[in-house]
Amino acid sequence: VQLQAFGGGLVQAGGSLRLSCAASGRTFSNYFVGWLRQAPGKEREFVAGITWSGGSTYYADSVKGRFTISRDNAKNTVYLQMNSLKPEDTAVYYCAAGTAVAARPTAYDYWGQGTLVTVSS
């Protein structure tokens with residue numbers, strides 16, 4: 001089971017980025033996929049999540065209305081569209097998969113490598 005996250009970069013405040021999480025190795029039809037982030041000196045936190053088959057989505061209050069999570073089952077890929085980015089969104093973003101809808105990082109079984117998002121003011 002492998003997850004690969006990519007799409008991070010440097011963007012000015014107010015700008016947009018789209019992160020992608022590509023899964024391989026097994027079917028993810030029964031997995032909840034989440035994006036979590038970790039800023040320097042802070043704990044890893046939940047950003048957004050989506051049920052792979054049902055399409056239900058969940059967001060942290062800090063990103064509601066700005067971020068959108070979606071998935072393309074045919075490509076085994078989950079996306080995180082990030083708009084109206086703020087400097088406080090700067091972090092390493094991780095995608096992860098688990099068997100239950102969850103926000104806490106310990107609930108996830110599989111992790112991709114992180115991708116760095118830097119938002120300049």
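Values in this document were obtained by computation on a predicted structure and should not be read as measured data. (Residues numbered from 1 in each chain as written. Predicted model: local features only at pLDDT ≥ 70, side-chain atom pairs only at ≥ 80, totals over all residues. Heavy atoms only, no water.)

1. A look at the overall build of the protein
Moving on, step 1. Helix and strand counts for the protein stand at zero helices and eleven strands.
Moving on, step 2. When the helices and strands of the protein are listed from N to C terminus, the series reads β-β-β-β-β-β-β-β-β-β-β.
Moving on, step 3. A compact globule built from 121 residues should have a C-alpha radius of gyration of about 14 Å, and the protein, at 13 Å, falls within 12% of that.
Moving on, step 4. With 121 residues in all, the protein has 43% of them scored as buried.
Moving on, step 5. Within the protein, residue pairs in contact and separated by at least 24 positions form 54% of the contacts whose partners lie at least 6 positions apart.
Moving on, step 6. Carbon and sulfur atoms form 47% of the exposed surface of the protein, whose accessible area is close to 6000 Å². (Helix = DSSP H or I, 4+ residues; strand = E, 2+ residues; numbered from the N terminus. Rg over C-alpha atoms; globule rule 2.2 N^0.38 Å. Buried < 20%, exposed > 50% of the residue type's maximum accessible area, 1.4 Å probe, protein only. Contact = heavy atoms within 4.5 Å. Areas by Shrake-Rupley, 256 points an atom, 1.4 Å probe, with all protein chains shown as cover.)

2. Things to note about the pairing of strand β5 (residues 45-51)
It is a general feature of regular strands that their side chains alternate between the two faces of the sheet.
Moving on, step 1. Extensive coverage of β5 is indicated by the burial of six of its seven residues.
Moving on, step 2. Bridging between strand β4 (residues 32-38) and β5 involves six bridges; their strand directions are antiparallel. Across the sheet, R37 pairs through a bridge with E45, a residue of β5.
Moving on, step 3. Taken together, β4 and the strand that follows it, β5, pair antiparallel across an intervening segment of six residues, in which G41 is found at a positive phi of about 75 degrees.
Moving on, step 4. Both β5 and strand β6 (residues 57-59) contribute to a ladder of three bridges, which runs antiparallel. The residue bridging I50 from the neighbouring strand is T57, located in β6. (Pairing = 2+ DSSP bridges.)

3. Description of the environment of G8
Moving on, step 1. Positionally, G8 belongs in the loop between β1 (2-6) and β2 (9-12).
Moving on, step 2. Spatially, the C-alpha atoms of G8 and Y93 are 8.0 Å apart, while their sequence positions differ by 85 residues.

4. Section: the environment of G112
Moving on, step 1. Relative to the helices and strands, G112 is located in the loop between β10 (110-111) and β11 (115-120).
Moving on, step 2. For G112, a relative accessible area of 8% puts it in the buried group.
Moving on, step 3. Separated by 111 residues in sequence, G112 and V1 place their C-alpha atoms 9.8 Å apart.
Moving on, step 4. Beyond its immediate chain neighbours, meaning those up to four positions away, G112 contacts L3, Y94 and C95.

5. What about the sheet that holds strand β7 (residues 67-72)?
Moving on, step 1. If you walk across this open sheet you meet the four strands as β1-β3-β8-β7, and the pairing is antiparallel. Looking along the sheet, the strands with just one partner apiece sit at the ends: β1 and β7. Across this sheet, the average inter-strand angle for adjacent strands is 15 degrees, counted without regard to direction.
Moving on, step 2. Bridge count for β1 against strand β3 (residues 17-24) is five bridges, and the pairing is antiparallel. Across the sheet, the residue bridging to L3 is A23, located in β3. (Axes fitted to C-alpha atoms, helices over the stretch in contact; angles between N-to-C directions.)

6. A look at the side chain of D89
Moving on, step 1. In this fold, D89 is placed in the loop between β8 (77-82) and β9 (91-98).
Moving on, step 2. Classification of D89 by relative accessible area gives buried; the value is 1%.
Moving on, step 3. Only 2.9 Å separates the side chain of D89 from the side chain of R37, close enough to count as a polar contact.
Moving on, step 4. Not counting the four nearest positions on each side in its chain, D89 is found in contact with R37, R66, F67, S84, V117 and V119. (Polar contact = N/O pair within 3.5 Å; in protein donor to acceptor, adjacent residues only side chain to side chain.)

Just geometry here; none of it tells us what the structure is for.
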